[in-house]
Amino acid sequence: MKKKSCLGSIFTNIFLAVLIIGLYHATQPGSDVIPASAPAYRGSGEMAALQFTVSWNAAALSDIMDILKDADTAATFAVSGEWAEQNPDALRRMAEEGHEIATMGYYPNMDGGLSWVKEDLERAISSIESVCGERPALYYVGDRSIAVSSIVSKKMKLTQVSCTIDLLTAKGSGADIISRLPEKPIEGSIMLLQPTAACAEALPGILAALEQKGLKAVCTGDVLGLRDQL
């Protein structure tokens, strides 16, 4: 009995190891197989995406868009439906200047079951589309349940996204933010930012650092190879 138990344990461990390795490779850039519950957190190519979440602490948004315009750079802005309704002029400017509009949902700091998330996303998309005429194709999941959001995303034909690097732009100074950039370039990375005053201070340095590393600053849809479909 002891021998049989050991063999069973060995086979179980082998199965788990194969499963873990398979899931690891399935979530790597360029893989054709991605688990249903996994949001896209990295793409490919000699570029890095600038992905801003816009729902709170967005006082420096205008300055950030000025910097991006001067640099002839488009970014992704994942906006909440509530923010879109309260800031229609800023949202229209994003669209007019060629930025990619994504969504975080209507109330991104809240979560729920399938029906609640679906209603929340439908409300957010309706609000955004009515203001700027664009229907978001990307959904930044944030801290919501990945499994629930994944199911809803598929039903609504949205691409669920996360990030490769969170620069924590709500913490510290511009210099602190720049120091959080990885020393080695990460091709196809999605960098998460917030439109804070410190982020506006850091943004020129971030753009310069990416250029120095041979990476072009682009939208999330670019690194994921989706922009031609948008």
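All told, the structure shown has two aromatic pairs when counted by the stated rule. For the pair F52 and F77, a centre-to-centre distance of 5.0 Å together with 15° between the ring planes defines the contact as stacked. With F52 in strand 1 (residues 47-54) and F77 in strand 2 (residues 76-80), this residue pair connects regions lying 25 residues apart in the sequence. Here the two residues F52 and F77 agree in accessibility, since each one is buried.

All right, on to the pairing of strand 1 then. Of all eight residues that make up strand 1, seven are buried, and the element is covered over most of its length. By the bridge criterion, three bridges tie strand 1 to strand 8 (residues 216-218) in an arrangement that is parallel. The partner of A49 across the bridge, within strand 8, is V218. The sheet contact formed by strand 1 and strand 7 (residues 189-193) spans five bridges and is parallel. Considered in strand 7, the bridge of L50 is made with M191. For the segment spanning strand 1, helix 2 (residues 61-70) and strand 2, crossover handedness is right-handed.

What follows covers the side chain of S127. Relative to the assigned elements, S127 resides in helix 5 (residues 114-132). Among the polar contacts listed, one links the side chain of S127 to the backbone oxygen of R123, at a separation of 3.0 Å. The contacts of S127, once residues within four sequence positions are left out, are G81, E85 and Y106.

Turning next to the environment of E211. Along the chain, E211 turns up in helix 8 (residues 197-212). Measuring from C-alpha to C-alpha, the distance between E211 and M47 comes to 9.2 Å, with 164 residues separating the pair along the chain.

With their axes 9 Å apart at the nearest point, helix 5 and helix 6 (residues 146-156) run at an angle of 50° to one another. Between helix 5 and helix 6, the crossing angle belongs to the class labelled oblique. Regarding helix 5 and helix 6, the two cross each other, and that crossing is right-handed. Together, L114, V117, K118, L121, E122 and I125 of helix 5 and V148, S149, I151, V152 and M156 of helix 6 make up the contact between the two elements. Tallied by class, the residues present in the contact of helix 5 with helix 6 amount to eight nonpolar, one polar and two charged.

A water-sized probe rolled over the atoms picks out the places where empty space is left. Evaluated as defined, the whole model comprises one cavity of 30 Å³ or more. The volume enclosed by the largest cavity comes to roughly 60 Å³. Forming the boundary of the largest cavity are A48, I165, L181, P182, P185, I186, S189, M191, A209, L210, K213 and L215. Classifying every residue of the lining of the largest cavity gives ten nonpolar, one polar and one charged.

Okay, the layout of surface pockets next. Here the second largest pocket is characterised by a volume of approximately 400 Å³. Around the second largest pocket, the lining comprises 22 residues; the ones closest to its centre are W56, Y140, G142, D143 and L192. Looking at side-chain class alone, the lining of the second largest pocket contains eleven nonpolar, six polar and five charged residues.

Rules used in this analysis
Residues numbered from 1 in each chain as written. Predicted model: local features only at pLDDT ≥ 70, side-chain atom pairs only at ≥ 80, totals over all residues. Heavy atoms only, no water. Phe/Tyr/Trp six-rings, centres within 6.5 Å; stacked < 30°, edge-to-face > 60°. Helix = DSSP H or I, 4+ residues; strand = E, 2+ residues; numbered from the N terminus. Buried < 20%, exposed > 50% of the residue type's maximum accessible area, 1.4 Å probe, protein only. Pairing = 2+ DSSP bridges. Right-handed = clockwise from strand over helix to strand, strands pointing away. Polar contact = N/O pair within 3.5 Å; in protein donor to acceptor, adjacent residues only side chain to side chain. Contact = heavy atoms within 4.5 Å. Axes fitted to C-alpha atoms, helices over the stretch in contact; angles between N-to-C directions. Parallel < 35°, antiparallel > 145°, perpendicular 65-115°, else oblique. Left-handed = near helix turned anticlockwise from the far one by under 90°. Nonpolar A, V, L, I, M, F, W, Y, C, P; charged D, E, K, R; others polar. 1 Å grid on protein atoms, 1.4 Å probe; cavity = no way out; pocket = protein on both sides within 12 Å on 5 of 7 lines; lining within 4 Å. Points joined across faces, edges and corners; volume = space filled by probe spheres on them.

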